[in-house]
Amino acid sequence: MWPPYRPRRTARLHPHRLSRNTYTAGIKVTLSSSLQLLQVSIDDIFLTEVKMAEEDIQAKLQNYRTAPFDARFPNSNQTRNCWSNYLDFYRCQKALDAKGVDTAPCDWYKRVFTSICPISWVQKWNDQREAGNFPGKI
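Residues numbered from 1 in each chain as written. Predicted model: local features only at pLDDT ≥ 70, side-chain atom pairs only at ≥ 80, totals over all residues. Heavy atoms only, no water.

- In the annotation of an unreviewed UniProt entry, the protein chain is listed under the name Cytochrome c oxidase subunit 6B1 and assigned to Champsocephalus gunnari.
- Turning to the protein chain, the UniProt annotation filed under Subcellular location (unreviewed entry) states: "Mitochondrion". (UniProt positions renumbered as here; feature names shortened; annotations may be inferred.)

1. Some remarks on the state of the cysteines
Logical step 1: All chains considered together, the criterion is met by two disulfides.
Logical step 2: Between the sulfur of C92 and that of C106 lies a disulfide, 2.0 Å long from S to S. Its S-S torsion of about -80 degrees marks the bond between C92 and C106 as left-handed, since a negative value means left-handed. Here C106 lies in the loop between α2 (79-99) and α3 (107-116) and C92 lies in helix α2, a separation of 14 residues in the sequence.
Logical step 3: Take the cysteines of the protein chain that form disulfides and number them in order along the sequence; they join up as 1-4, 2-3. (Disulfide = S-S within 2.5 Å. Helix = DSSP H or I, 4+ residues; strand = E, 2+ residues; numbered from the N terminus.)

2. Considering the nonpolar core
Logical step 1: In this structure, Y86, F113, C117 and W125 are the most contacted members of the largest nonpolar core, which totals 13 residues.
Logical step 2: Of all the secondary structure elements, the ones that give two or more residues to this core are α2 and α4 (119-131).
Logical step 3: Apart from residues no more than four positions distant in its own chain, W125 is found in contact with C82, W83, Y86, C117 and F134. (Core = buried A, V, L, I, M, F, W, Y, C linked by side-chain atoms within 4.5 Å. Buried < 20%, exposed > 50% of the residue type's maximum accessible area, 1.4 Å probe, protein only. Contact = heavy atoms within 4.5 Å.)

3. Quick notes on the confidence of the model for the protein chain
Logical step 1: On average, residues of the protein chain score 74 in pLDDT, and 55% of them are at 70 or above.
Logical step 2: Confidence, read as mean pLDDT per element, is least for strand β1 (residues 21-24) in the protein chain (47) and greatest for α4 (96).
Logical step 3: Taken together, the stretch residues 21-29 has pLDDT below 50 and engages in 13 contacts with residues farther than four places along the chain or on a different chain. (pLDDT = per-residue confidence, 0-100.)

Below is the structure:
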């Protein structure tokens, strides 16, 4: 095939390529005599978006309802996902308790396995852990 395929280059934000008032991704960029002023305003917008994204993540964690997609378990059978998150929760708790650190980060695993695993499995595994004959390595 001639000429060889070359992917199209995306447009960049260069002052000589923009008109006086340009709208880029819903953000109005106004050119000034100094390129540094343009850079500062874009950085301010970026930092604001990052702060908003952090707040969104915190809100999502607080309003968490069900487990998100995990690429390690792509199939519809989520048995292994349930088992892994159950073990990870107790491993995390054991490791952080040994260090004397707060175990709040481990709550993620508990939320995941409680939303995926049947209650009867969790009760059975808890009973086995208390009896000392749990088959998993925690």
